[in-house]
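Residue strings, one per chain:
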Amino acid sequence: MSLTVVKIGGSLCGSARLERLLGQLASEIETPLVLVAGGGPFADAVRQVQAAMPFDDILAHRLALDAMTHLAEVLATRHPRLTAVGSRADVTTALGEGRLPIWHPAELRAGHPDIAESWAVTSDSLAAWLAAELRADRLILVKSVDVPAESTPAALAAADIVDTHFPRYAARFAGSIVVAGPSSDDRLAALFPVPCEAS
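Residues numbered from 1 in each chain as written. Predicted model: local features only at pLDDT ≥ 70, side-chain atom pairs only at ≥ 80, totals over all residues. Heavy atoms only, no water.

K.L.:
So what exactly am I meant to see when it comes to the packing of aromatic side chains here?
P.N.:
Throughout the structure, instances matching the rule amount to one aromatic pair. Both rings, one in Trp103 and one in Trp129, keep their centres 6.2 Å apart while their planes meet at 40°; by these two values the pair is tilted. With Trp103 in strand S4 (residues 100-103) and Trp129 in helix H5 (residues 123-133), the pair connects residues that are 26 residues apart, well separated along the chain. Residue classification places Trp129 among the buried positions, given a relative accessible area of 2%. The ring of Tyr169 is capped by Arg168, whose NZ or CZ atom sits 4.5 Å from the centre of that ring. (Phe/Tyr/Trp six-rings, centres within 6.5 Å; stacked < 30°, edge-to-face > 60°. Helix = DSSP H or I, 4+ residues; strand = E, 2+ residues; numbered from the N terminus. Buried < 20%, exposed > 50% of the residue type's maximum accessible area, 1.4 Å probe, protein only. Lys NZ or Arg CZ within 6 Å of the ring centre and 35° of its normal.)

In structure tokens:
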């Protein structure tokens, strides 16, 4: 089964673009997808609280994972096919039921040896980690800016498009990585593999 992981940046929260993209992904794309949401305004709130009432980055990281969970739950209300899921097993179940899962990292909240508990690991790296774990064929990062075609993970990190840990996770992912900025919206369907017809 061909599988694509689509990470939607939290910076799109509240935009008409986000609502349009969710509708397209849920209604127009026929290949199996898994969505990953950033933390958006919920993660911003964690940063604000940490600045006002300092606590260590380990707790901040875990609260940021909670932020991703909250945003996944909100986005899941946007279309009947969308469903928030907190584990890789739940992803598989949702796909089998014809749903479009929005993965949130509840399964990582207690810590994971592959993932540093730091602000330096963002939802981009977590999406790459998930794509590798699910053996997906493609990872699409939906961003609020366009980037040069064929940009490497290292170049994306240097330009602050993704976090500094992303190249390490990207190296573990065997599939292709695409960054979809606003100019990609009109050709969104072309970013996904064409489903094979049964013979």
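K.L.:
It is not clear to me how the layout of surface pockets should be interpreted in this structure. Could you clarify?
P.N.:
If a probe as big as a water molecule is rolled over the atoms, it shows which places are left empty. The volume enclosed by the largest pocket comes to roughly 630 Å³. Lining the largest pocket we find 32 residues, and of these Lys7, Arg47, Thr122, Ser123 and Asp124 sit closest to its centre. When contributions to the lining of the largest pocket are tallied by element, the ones reaching two or more residues are helix H2 (40-52), helix H3 (57-75) and H5. Considered as a void within the structure, the second largest pocket measures approximately 350 Å³ in volume. In this structure, the second largest pocket is lined by 17 residues; those nearest its centre are Ala149, Glu150, Ile177, Val178 and Val179. For the lining of the second largest pocket, the secondary-structure elements that each account for two or more residues are helix H6 (153-158) and strand S6 (176-180). A total of three residues in the lining of the second largest pocket trace back to one element, the largest contributor, which is S6. Here the lining of the second largest pocket is built from residues that sort into nine nonpolar, five polar and three charged. (1 Å grid on protein atoms, 1.4 Å probe; cavity = no way out; pocket = protein on both sides within 12 Å on 5 of 7 lines; lining within 4 Å. Points joined across faces, edges and corners; volume = space filled by probe spheres on them. Nonpolar A, V, L, I, M, F, W, Y, C, P; charged D, E, K, R; others polar.)

K.L.:
Explanation requested: the sheet that holds strand S2 (residues 33-37) in the structure shown.
P.N.:
For sheets, the rule is that strands pair by backbone hydrogen bonds, running either parallel or antiparallel. With parallel pairing, the six strands of this open sheet are ordered in space as S3-S4-S2-S1-S5-S6. Each end of this open sheet is capped by a strand with a single partner; those strands are strand S3 (82-85) and S6. Adjacent strand axes in the sheet meet at a mean angle of 25° when their direction is disregarded. Strand direction decides the pairing type here: S3 and S4, joined by four bridges, are parallel. Within the sheet, the bridge partner assigned to Thr83 lies in S4 and is Pro101. Packing against the sheet, H3 makes contact with S2, S3 and S4, and its axis sits at approximately 125° to S2. In the packing of helix H4 (residues 88-96) onto the sheet, the strands contacted are S2, S3 and S4, and the crossing angle to S4 comes to about 165°. (Pairing = 2+ DSSP bridges. Axes fitted to C-alpha atoms, helices over the stretch in contact; angles between N-to-C directions. Contact = heavy atoms within 4.5 Å.)

K.L.:
Would you take a moment to explain helix H1 (residues 16-27) for this structure?
P.N.:
In an α-helix, one full turn covers 3.6 residues, which means residues spaced three or four apart are oriented alike. Compared with an ideal rise of 1.5 Å per residue, which puts 12 residues at 16 Å, H1 spans 17 Å between its outermost C-alpha atoms and is within 8% of the ideal. Taken residue by residue, H1 has Arg17, Leu18, Leu21, Leu22, Gln24, Leu25 and Ala26 as its buried positions. (Expected span 1.5 Å × (residues − 1).)

K.L.:
Sorry, what's going on with the pairing of strand S5 (residues 138-142) here?
P.N.:
Every regular strand shows the same layout, with side chains that alternate between the two sheet faces. With four of five residues buried, S5 is to be regarded as a mostly interior element. As defined by bridge partners, strand S1 (residues 4-8) adjoins S5 across five bridges and the pair is classed as parallel. The residue bridging Val6 from the neighbouring strand is Ile140, located in S5. Judged from the five bridges that link them, S5 and S6 form a sheet pairing that is parallel. Residue pairing for S6: Leu139 is matched across the bridge by Ile177.

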